[in-house]
Structure formats: structure tokens, C-alpha cells
Amino acid sequence: MQEVITGDIFCLSLPLDRPGGQVLNDHRCAPVFKPVMRSGNQVFNFPMEQVDPRFSDVSSDEAVLLYSQYSTQWDGFAHKGSMFDVDGSGVRRRVHYNGWEIVDANSRGTQGELGARAVSIASMAETGVQGRGVLVDLHHHLGNERTQVDLNMLLRIMEADRVTVSEGDILCIHSGLGQLIMNSPATGPDPSIRLACAVLDGTDSALLNWITETGLVAIAADNLAVESSSTLGVRKNIGPHGPVLPLHEHCLFKIGVHLGELWYLTELAQWLRTHERSRFLLTAPPLRLPGAVGSPVTPVATV
Ligand code: UVW
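In the nomenclature of an unreviewed UniProt entry, the chain corresponds to Cyclase from the organism Polaromonas eurypsychrophila.

A. Focus on the overall build of the chain. Each helix and strand in the chain was counted, giving nine helices and 19 strands. By the compact-globule yardstick of 19 Å for 303 residues, the chain fits well, its C-alpha radius of gyration being 21 Å. Its C-alpha atoms put the chain at 70 × 55 × 40 Å along the principal axes. Looking at the chain as a whole, 39% of its 303 residues qualify as buried. Excluding contacts between residues fewer than 6 apart, the proportion of contacts in the chain whose partners are at least 24 apart in sequence is 74%.

B. Up close: the site of the ligand. Around the ligand, the surrounding shell consists of Asn25, Gln69, Asp75, Leu224, Ala225, Ser229, His248 and Glu261. For the shell around the ligand, the residue count by class is two nonpolar, four polar and two charged.

C. Layout of the nonpolar core. Residues Ile173 and Ile219 are the most contacted members of the largest nonpolar core, which totals 65 residues. Among residues more than four places away in sequence, those in contact with Ile173 are Val136, Leu138, Leu200, Ile219, Ala221 and Val226.

D. Broad picture of the environment of Gly176. Tracing the backbone shows Gly176 in the loop between strand S13 (170-174) and helix H6 (177-183). Among the residues examined, Gly176 registers 22 C-beta atoms within 10 Å and is labelled buried. When the C-alpha atoms of Gly176 and Asn223 are compared, they prove to be 7.8 Å apart, with 47 residues separating the residues in sequence. If near-sequence neighbours (up to four positions away) are discounted, Gly176 is found in contact with His139, Asn144, Cys197 and Thr266.

E. Looking closely at helix H8 (residues 246-255). Burial analysis of H8 places seven of its 10 residues in the buried class, the great majority of the element. Here H8 has its buried residues at Pro246, Leu247, His248, His250, Cys251, Leu252 and Phe253. Of the surrounding secondary structure, the elements contacted by the buried residues of H8 are strand S8 (73-75), strand S9 (82-84), strand S14 (199-200), helix H7 (205-214), strand S15 (218-221) and strand S16 (258-261).

F. Geometry of the domain arrangement of the chain. Domain annotation of the chain identifies domain 1 (9-27 + 68-81 + 120-302) and domain 2 (32-65). Each of domain 1 and domain 2 has a C-alpha centre, and these two points are 39 Å apart.

G. Spatial organisation of the packing of H7 against H8. Close contact between H7 and H8 brings their axes to 10 Å; oriented N to C, the two are set at 30°. In terms of orientation, H7 and H8 fall into the roughly parallel class. Seen from above, H7 lies across H8 with right-handed handedness. Counting all contacts with H7, which are made through Leu208, Ile211 and Thr212, the residues of H8 involved are Leu247, His250, Cys251 and Ile255. Its residues assigned to classes, the contact of H7 with H8 shows five nonpolar, two polar and no charged.

H. Expanded view of the sheet that holds strand S19 (residues 300-302). The strand order across the open sheet formed by nine strands is S1-S19-S17-S11-S13-S15-S16-S8-S18, and the pairing between neighbours is mixed. Every other strand in the sheet has two partners, leaving strand S1 (9-11) and strand S18 (294-296) as the edge strands with one partner each. Direction aside, the axes of adjacent strands within the sheet are offset by 25° on average.

I. A look at unusual backbone geometry. In this structure, Val129 takes a positive phi of about 55° despite not being glycine. Mapped onto the fold, Val129 is located in the loop between helix H3 (121-125) and strand S11 (130-137).

J. Inspection of the pairing of S16 at higher detail. Side chains His258 and Gly260 project from S16 onto one buried face, and the interleaved Leu259 and Glu261 project onto a second face that is buried too. Looking at chain direction, S8 and S16 are connected through three bridges and run antiparallel. Looking at the pairing, Gln73 lines up with Glu261 of S16. Both S15 and S16 contribute to a ladder of three bridges, which runs parallel. In the strand pairing of S16, Ala220 is matched with Gly260.

K. The arrangement of the environment of Arg92 in detail. Its place among the elements puts Arg92 in the loop between S9 and strand S10 (93-95). On the basis of neighbour count, Arg92 is assigned to the exposed category, with 12 C-beta atoms found within 10 Å. In this structure, the C-alpha to C-alpha distance between Arg92 and Ser82, residues 10 residues apart in sequence, is 8.9 Å. Among all residues touching Arg92, those that are not within four sequence positions of it are Met83, Phe84 and Asp85.

Calculation criteria
- Residues numbered from 1 in each chain as written.
- Predicted model: local features only at pLDDT ≥ 70, side-chain atom pairs only at ≥ 80, totals over all residues.
- Helix = DSSP H or I, 4+ residues; strand = E, 2+ residues; numbered from the N terminus.
- Rg over C-alpha atoms; globule rule 2.2 N^0.38 Å.
- Buried ≥ 20, exposed ≤ 12 C-beta atoms within 10 Å, placed from the backbone.
- Contact = placed C-beta atoms within 7 Å.
- Near = placed C-beta within 6 Å.
- Nonpolar A, V, L, I, M, F, W, Y, C, P; charged D, E, K, R; others polar.
- Core = buried A, V, L, I, M, F, W, Y, C linked by C-beta atoms within 7 Å.
- Domains from an automatic or database assignment.
- Axes fitted to C-alpha atoms, helices over the stretch in contact; angles between N-to-C directions.
- Parallel < 35°, antiparallel > 145°, perpendicular 65-115°, else oblique.
- Left-handed = near helix turned anticlockwise from the far one by under 90°.
- Pairing = 2+ DSSP bridges.

Now the structure itself:
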């Protein structure tokens, strides 16, 4: 609350009708609206006098097919787990944060049920998700070029902008990609945005250790996956088996740090730079949707 000085508010969500999500990840489709039906009628601009001539209301109601990670989102702990030999028996099982399994291997309905609940996005919603956001403006220093940002580079940029983080902070990484999505034509962005703007280098073990040691509770970025989603082939020090997304494994599976993706941070970043600030109050609860592995979110920054 001490970070609120002027009371100005920024919406940190991309509009959900903005094409972009599918260009960046073609498994996720744009939202589809369906009207609710009432006695064979679509409840859209529906004169209630058709139900009873005494009623004067006009009513609309809808269902939405919304991919939970199409646009501005939180990743829950069930989003990425790992094949892991939990008991040293040599058998690798599908486990998630804190060793939870979200489907029962033996169909006894024990850990699977509890696990799906424990690591569901609803658990995150139940904490309220409000705290201090700290913005690092990579775009100001690196522009729209794809740059893999390792710990050294991140710390240099933070030092240049006098940004510090403390335990419990939510780190917000401004890469500029959200603005490229905002600027794109109605037909959707050019596919080249897949390789635009900065990403954190999830293969840098020093960066992963720093995330653990700082005690950050979440990292959100205005790019697709916080880290590079095309690191296959350039990864180092992983051996014959390893995660496609090492920063995801570290944060979601090992240490319990949520990841926010495809946020819209540009207006906030510009305001903070003008006012020589980097901190703000961030309010960003996901949907309290038990069983979901991720959630759309409309984060709000209050400065
Ligand atoms: C990618 O889409 C690569 O990342 P995530 O599944 O975390 O959104």
C-alpha cells in the first residue's frame, strides 16, 4: 500500500479480442461467444416482452469458450510438472509442485484428487494475489530485438535503472512484445513477432538461483512464456533429458513461483520511467476455478 502515491491506475491486460495469442501459440484459439438459449430463443438483445408482455427489459446473456492461456494469463502449478523419480525406485512419475500428482496412478482417488485441488489455479486465487509489483524495463535498453537475458544482463539493467527487489515482490518484465500485439492490424500480428523482444534465459542456472534467493513470489512478462519458447537446440548443461522450458520447471515445479504471460506493461513502464519509479501496488487474482491449470487475468497496477 505504501507504493501508492498518486492513485493512478493501469490495466495490465491485453484486450481479449486482440489477435495475437494464436500467432504465438497455435494450439490456443481466440475466444468464441455463444448466446445462452431461453425457450428456443437466443438471449441476445432479447425483448423480455416475448416472455410476458408486461416485461420491459431487454436481455443478453452468453457463454464463452475461452482458452485459459490464450492471452493475459497466470500459469498455475499444474501447468508444468516433471517426470520425476520421487522415491528413488527408478520409476519416474508425473509430479507437480511439492510432489503432488494430479491424476492417480492407481485409480484409488487419493492424491490425484487432492493434488489437482492443491496445485489448481484456485489455490492462487484464494491468496488474493495483491502485493508489490516491481517493473524491469528491458525494452528501454534492448528494443524489439530478440535478446536472451541472463542474470548478468538483468542485474546490469536493474542497476542502471536503480531497480531493486525484495522478498515477496512480483517481478514484472517489460519486453515490448505486448505493445507489438497492441499495434498489430485487425488481421493479426506478423508471425515475426514470435522471435521479437527480450526473453529471460531459462538456461542460465545463475538466473534460476537468483529467482530462488530473492524470494520473488511471481514473475510476469508481456511476452509469450517469460523465457524463450524456442530454446530447443540452444540449451546447454541439460544432459540427455531436460525440460523444454527450464525457467517454467524451476518456478512452477521446483520453487512455487507463478508465471504471468502476455501482460500489457508498456503504458505502466512509460509512466514509471517518467516518474523515476519502478514499484507499484499490483492486484491480479486469477479466476477461482478449481481444477484449472491456468487462468485469464486482468491485472491492475495502482501507482
Ligand atoms: C508457451 O506457450 C510456450 O508457454 P506457456 O505454456 O507457459 O504459455
